[in-house]
Amino acid sequence: MNQYPGKFITLEGTEGAGKSTNLAYIEQWLTAKGIEVVTTREPGGTLIGEAVRGVLLNIEHTKMTAETELLLMFAARNQHLQEKIIPALEAGKWVISDRFTDASYAYQGAARGIEYQRISELEHWVQKGFAPNMTFVFDLTIEEGMKRVKARGEATDRFEQEKQTFFEKVRLAYLNRASQSPKRYTILDAGQSLEGVQAQIEASLVKLTRGLK
Ligand code: Z5A
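Since the model is a prediction, treat every value here as computed from it, not as a measurement. (Residues numbered from 1 in each chain as written. Predicted model: local features only at pLDDT ≥ 70, side-chain atom pairs only at ≥ 80, totals over all residues. Heavy atoms only, no water.)

Caption draft 1: Layout of the sheet that holds strand S3 (residues 94-98). Spatially, S2-S3-S1-S4-S5 is the arrangement adopted by the five strands of the open sheet, whose pairing is parallel. At either margin of the open sheet sits one strand with a lone partner, and together these are strand S2 (37-41) and strand S5 (185-189). Put simply, the sheet's adjacent strands are angled 20 degrees from each other on average, direction ignored. As defined by bridge partners, strand S1 (residues 8-13) adjoins S3 across four bridges and the pair is classed as parallel. By the bridge assignment for S3, Ile 9 is matched with Ile 96. The strands touched by helix H8 (residues 194-209) within the sheet are S1, S3, strand S4 (134-139) and S5, with S4 carrying the most contacts at an inclination of about 170 degrees. (Pairing = 2+ DSSP bridges. Helix = DSSP H or I, 4+ residues; strand = E, 2+ residues; numbered from the N terminus. Axes fitted to C-alpha atoms, helices over the stretch in contact; angles between N-to-C directions. Contact = heavy atoms within 4.5 Å.)

Caption draft 2: Here's a closer look at the site of the ligand. Of all residues adjacent to the ligand, which total 29 residues, the nearest are Lys 19, Ser 20, Thr 21, Arg 99 and Ser 104. Within the backbone of Leu 194, an N or O atom sits 3.4 Å from a nitrogen atom of the ligand. Secondary structure elements with two or more residues in the shell around the ligand: helix H1 (19-32), helix H2 (47-57), helix H3 (66-90), helix H4 (101-111) and helix H6 (142-152). Considering each element in turn, the shell around the ligand owes the most residues, four residues, to H4. For the shell around the ligand, the class distribution of residues is eleven nonpolar, eight polar and ten charged. (Near = heavy atom within 4 Å. Polar contact = N/O pair within 3.5 Å; in protein donor to acceptor, adjacent residues only side chain to side chain. Nonpolar A, V, L, I, M, F, W, Y, C, P; charged D, E, K, R; others polar.)

Caption draft 3: Representation of the pattern of salt bridges in the model. Within the structure shown, the criterion is met by 14 salt bridges. With its nearest N and O atoms 3.9 Å apart, the salt bridge here joins Lys 93 to Glu 36. You can see Lys 93 sitting in the loop between H3 and S3 and its partner Glu 36 sitting in the loop between H1 and S2, a full 57 residues away along the chain. A salt bridge links Asp 102 to Arg 184; the nearest nitrogen and oxygen atoms lie 3.1 Å apart. With a gap of 82 residues between them, Asp 102 in helix H4 and Arg 184 in the loop between helix H7 (164-180) and S5 connect regions that are remote in the sequence. Arg 184 carries the same exposure label as Asp 102, and that label is buried. (Salt bridge = Lys/Arg side-chain N within 4 Å of Asp/Glu carboxyl O. Buried < 20%, exposed > 50% of the residue type's maximum accessible area, 1.4 Å probe, protein only.)

Limitation: the analysis is restricted to geometry and does not speak to function.
Pasting the structure below:
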């Protein structure tokens, strides 16, 4: 639940599915409606969170355990919530985050094998019931996502070195979570052209902003 005046939107999906590209589209769309928007990302979003991101993505950290990974995700998230997300929402701004807690269930839970119950305990401790108003799940085949990432030509991080089966588990976990709460989640066919994906996003944003001046 989000009891603050601003709304909280999160973007999720496997790598290369188009989250970062469309975050900019959502920001522009909402800003054009006169809404004040803050964009951010996880892990990261604050000075401390970005430092933790550096630790999490570093390809030299081959010995990182799944539990350490999960705790670092929630350490960064706690800072992100207290320092950036909640103050912005309290001020009536809308916050759009490239990934949030669903990623912990999908990556550290489904793919790394940590029990959901353990993740849920951390979620309750850090978030105290707080959750996004809307979550877009960018659904794309792993092959197509990898092709897009390769074409972008950037250096790979620690997660991107995982095998295809790891990402298949992540994809399935997102789809399962979304199917359990269809009111909060919108699954997007991210295999469509950018225009096609943005038309799907716009349809949801129209519903979310209905009634606003
Ligand atoms: N992680 C975790 O394990 N647990 C957690 O709790 C959290 C995160 C919060 C970093 O995330 C890692 O952290 C992530 C999960 C883990 N690891 N992985 N994998 P990240 O979000 O920074 O990393 P990412 O998912 O790898 O981001 P990405 O590769 O940048 O993906 P994207 O943002 O979804 O894609 P994009 O940059 O918007 O698009 C990729 C390319 O495709 C780009 O060149 C676009 O121009 C192109 N594109 C986009 N849309 C289209 C369409 N429709 N058609 C054709 N081409 C397109």
